Amino acid sequence: MDKTESITLQSPKFVKGSQWEGYGYLPWFKKDKKKVTILFNFVERRKSYFLRAHFDRYGYIYRDLGDHVYEDVRWGKEYGNRMECSPMYFTSGSIIKNLFKLQDETGFSKEDIVKKYIFLGGGGQCGPCRYGMYPQEYLKVINDAGFRGFRILIFSSDIVQDPQPKGSAFTFGLPFKIDILCAIILADFMHIAECALRPYAKDKQQALAAIEKAEAILLQAFRSPFFLITVPQALKKVSLMFASIERHDKKLPKIFVTGEFFANLAHNEGNYNLRRFIMDEGCEVLPGLFTQRVLYDNWRRSCEAKRGIRFSSSIKERSFYRSSLRKQNVSTTIVKWFWKNWLKSFNPAAFGGHADILDLDYLAECGRPYYHPEIFGGEGNIEIAEAVHYADTIDGFISSKPFGCMPSSGVSDGVQAKIMSLYPQLNFLSIETTGDNEVSILSRVSMLLFKAKQNVNRKN
Ligand code: SF4
């Protein structure tokens, strides 16, 4: 008999356990409100700085964790899963770095830290790439670092219903949504001021000190329960202060930076302080406005709702999408109302500031031939559309893409190659933010700036 005939195949034996449901933690109820400190940060320092007003007005104890720094990435990589994108490492690493720091400062045990603190921050679904992974990744690093059961409050642009149970000490209700929107707008305004004054002020240190003073004035105004009155007044005051700063009358090359929102809008080590580097190298940079990103999220969900209404297979489904569309329309109206009205008081033109928010329907049409506007994830079609929009008017265009980002790789390294062939005049550079390698990335940026300066000199 052939030996092989005696081999009988057996099914593998395995015992199916219960489904893994992710990391859990206990809710934070109202009775413990004053026993717990909220630790928080959100993309960059100025946003969390202005968000302090919300916690002050509603009587929370809090600690602002501030900006992201390179050290966050190292913590994130040590405790996180392999091959995450760099924003995931920055944000998750920042949480555990701060938990260990707290332990050192207070002498509390890990169990005490779990009871006495809670983390609040952003981190939702950025698109098809890391769909739903942020909160679980945060909990993974926290649990692996030994802070078992530590609680987190995570918001994203997709919060439709408050995920907190009834009786919670903290809710993501309308007051929080309005306050975080206002915090984002105020942070954008201060960024506009920095982009206008840093490269042009005769005394850079005086300009930076004025911005710091303005931040304190605005926070004070925003803390008031009557902030709808006090903030516009404060904005007028700081605008006059900025307008009084002496500026050089010279023409600097204009640089535009875009890309995945963290790599583009974390005005800190999350993107090598890119815009500050460009300004300090003698160029002007257009501000990177988070409000544009908020409007894009609303626009994206409106597109989804319109498609849902068109292809819905039941009345229930259709009414779900109709209600979603209504919510997006209301939200967009509120965002635009605050932006327009507060901008009027801030009056950036008085000190040479730019505050351009591009129309999203227009951008969709600009980029449509090369990247369908309804392919969502990361920044979707925005970056392609901006390259087309700015091709003839900008001296340098940088696409900043995080390490490990799937949507951004497809755009920055893929579709932009086509745009370059169609618009060879665009001085384009794609960089990857990894949280290390700063010298080599910034030296590539320097080369783009050198070319931009040459172009401007040639034109003059
Ligand atoms: S868009 Fe890219 S960088 Fe941003 S969260 Fe998703 S995978 Fe990460």
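The present account deals with the structure reproduced in this document. (Residues numbered from 1 in each chain as written. Predicted model: local features only at pLDDT ≥ 70, side-chain atom pairs only at ≥ 80, totals over all residues. Heavy atoms only, no water.)

### A look at the packing of helix α6 (residues 174-197) against helix α8 (residues 227-243)
- Relative to each other, α6 and α8 sit at 5°, their axes nearing to 12 Å. Judged by the angle between their axes, α6 and α8 are roughly parallel. The residues of α8 that touch α6, namely those facing Ile178, Asp179, Cys182, Leu186, Phe189, Met190, Ala193 and Leu197, are Phe227, Val231, Leu235 and Phe242.
- Considering only residue class, the contact of α6 with α8 consists of eleven nonpolar, no polar and one charged. (Axes fitted to C-alpha atoms, helices over the stretch in contact; angles between N-to-C directions. Helix = DSSP H or I, 4+ residues; strand = E, 2+ residues; numbered from the N terminus. Parallel < 35°, antiparallel > 145°, perpendicular 65-115°, else oblique. Contact = heavy atoms within 4.5 Å. Nonpolar A, V, L, I, M, F, W, Y, C, P; charged D, E, K, R; others polar.)

### Observations concerning a positive patch on the surface
- On the surface, Lys177, Arg322, Arg326 and Lys327 cluster together into a patch of positive charge.
- Residue contributions to the positive patch peak at three residues, all from helix α12 (residues 315-346).
- Considering the arrangement of structural elements, one finds Lys327 in helix α12.
- Its relative accessible area of 44% is what places Lys327 among the partly exposed residues. (Patch = residues over 30% accessible without salt bridge, like charges linked within 9 Å, V, L, I, M, F, W, Y side chains within 5 Å. Areas by Shrake-Rupley, 256 points an atom, 1.4 Å probe, with all protein chains shown as cover. Salt bridge = Lys/Arg side-chain N within 4 Å of Asp/Glu carboxyl O. Lys, Arg positive; Asp, Glu negative; His and termini not counted. Charge placed at Lys NZ, Arg CZ, Asp CG, Glu CD. Buried < 20%, exposed > 50% of the residue type's maximum accessible area, 1.4 Å probe, protein only.)

### Remarks on empty space enclosed by the protein
- Counted under the stated rule, the structure contains three cavities of 30 Å³ or more.
- The calculated volume of the largest cavity comes to roughly 310 Å³.
- If you trace the largest cavity, you find 23 residues lining it, with Phe256, Asn264, Leu289, Gln292 and Glu386 closest to the centre.
- Ranked by the residues each element gives to the lining of the largest cavity, the list is headed by strand β5 (residues 254-259), at four residues. (1 Å grid on protein atoms, 1.4 Å probe; cavity = no way out; pocket = protein on both sides within 12 Å on 5 of 7 lines; lining within 4 Å. Points joined across faces, edges and corners; volume = space filled by probe spheres on them.)

### A closer look at the pairing of strand β8 (residues 428-433)
- Pairing geometry for strand β7 (residues 396-402) and β8, over six bridges, is parallel. Considered in β8, the bridge of Ser400 is made with Ile431.
- In terms of handedness, the path from β7 via helix α15 (residues 406-422) over to β8 forms a crossover that is right-handed. (Pairing = 2+ DSSP bridges. Right-handed = clockwise from strand over helix to strand, strands pointing away.)

### Notes on the sheet that holds β8
- Read across the open sheet, the four strands follow the order β6-β5-β7-β8; overall the sheet is parallel. Edge positions in the sheet fall to β6 (284-285) and β8, since each of these pairs with one other strand and no more.
- Of the pairings in the sheet, the one linking β5 to β6 comprises two bridges and is parallel in character. Bridge pairing in β6 links Lys254 to Glu284.

### Thoughts on the packing of helix α7 (residues 204-223) against α8
- Between α7 and α8, the shortest axis-to-axis distance is 8 Å and the interhelical angle comes to 165°. Here α7 lies roughly antiparallel to α8, going by the angle between them. Both α7 and α8 take part in a crossing whose hand is right-handed. Contacts from Ala210, Ile211, Lys213, Ala214, Ile217, Leu218, Ala221 and Phe222 in α7 reach Phe227, Thr230, Val231, Ala234, Leu235, Lys237, Val238, Met241 and Phe242 in α8. (Left-handed = near helix turned anticlockwise from the far one by under 90°.)

### Side note on the state of the cysteines
- Applying the stated criterion across every chain yields a total of zero disulfides.
- With no disulfide partner, Cys303 has as its closest neighbouring cysteine sulfur the one in Cys366, 15 Å distant.
- Look at Cys303 and you get buried, because its relative accessible area is 11%. (Disulfide = S-S within 2.5 Å.)

### A few points about helix α3 (residues 86-106)
- When the terminal C-alpha atoms of α3 are compared, their 30 Å separation across 21 residues agrees well with the 30 Å that a helix rising 1.5 Å per residue should span.
- Burial runs high along α3: 17 of the 21 residues are buried.
- Taken from the residues just after α3, Gly107 is the one with a positive phi, measuring 80°. (Expected span 1.5 Å × (residues − 1).)

### Notes on the sheet that holds strand β2 (residues 61-64)
- In spatial order, the strands read β2-β1-β3-β4; together these four strands make up an open sheet with parallel pairing. The sheet is open, and its two borders are formed by β2 and β4 (151-155), each paired with just one other strand. When strand polarity is set aside, the average angle formed by the axes of neighbouring strands in this sheet is 25°.
- Bridge count for strand β1 (residues 37-41) against strand β3 (residues 117-122) is five bridges, and the pairing is parallel. Looking across to β3, one finds that Ile38 is bridged to Ile118.

### Re a nonpolar patch on the surface
- On the surface, Phe226, Leu228, Ile229 and Trp337 cluster together into a nonpolar patch covering about 470 Å² of accessible area.
- With respect to the helices and strands, Ile229 occurs in helix α8.

### Section: the pairing of β4
- Extensive coverage of β4 is indicated by the burial of five of its five residues.
- Along β4, one buried face is formed by Arg151, Leu153 and Phe155 and the opposite face, lined by Ile152 and Ile154, is buried too.
- In the sheet, β3 pairs with β4 via five bridges, with the strands oriented parallel. By the bridge assignment for β4, Gly122 is matched with Phe155.

### Some remarks on unusual backbone geometry
- A positive phi is found at Tyr272, a non-glycine position, where the angle reads about 60°.
- Considering the arrangement of structural elements, one finds Tyr272 in the loop between α9 (261-265) and α10 (274-280).
- Non-glycine residue Asn273 carries a positive phi angle of around 50°.
- Here Asn273 lies in the loop between α9 and α10.
- Take Asn273: its relative accessible area is 25%, and that puts it in the partly exposed class.

### Focus: the layout of surface pockets
- Each pocket or cavity is described by its volume, and for the second largest pocket that value is around 570 Å³.
- Looking at the lining of the second largest pocket, the elements with two or more residues in it are α11 (290-311), α12 and α13 (360-367).
- Across the lining of the second largest pocket, the residue classes tally to eleven nonpolar, six polar and ten charged.

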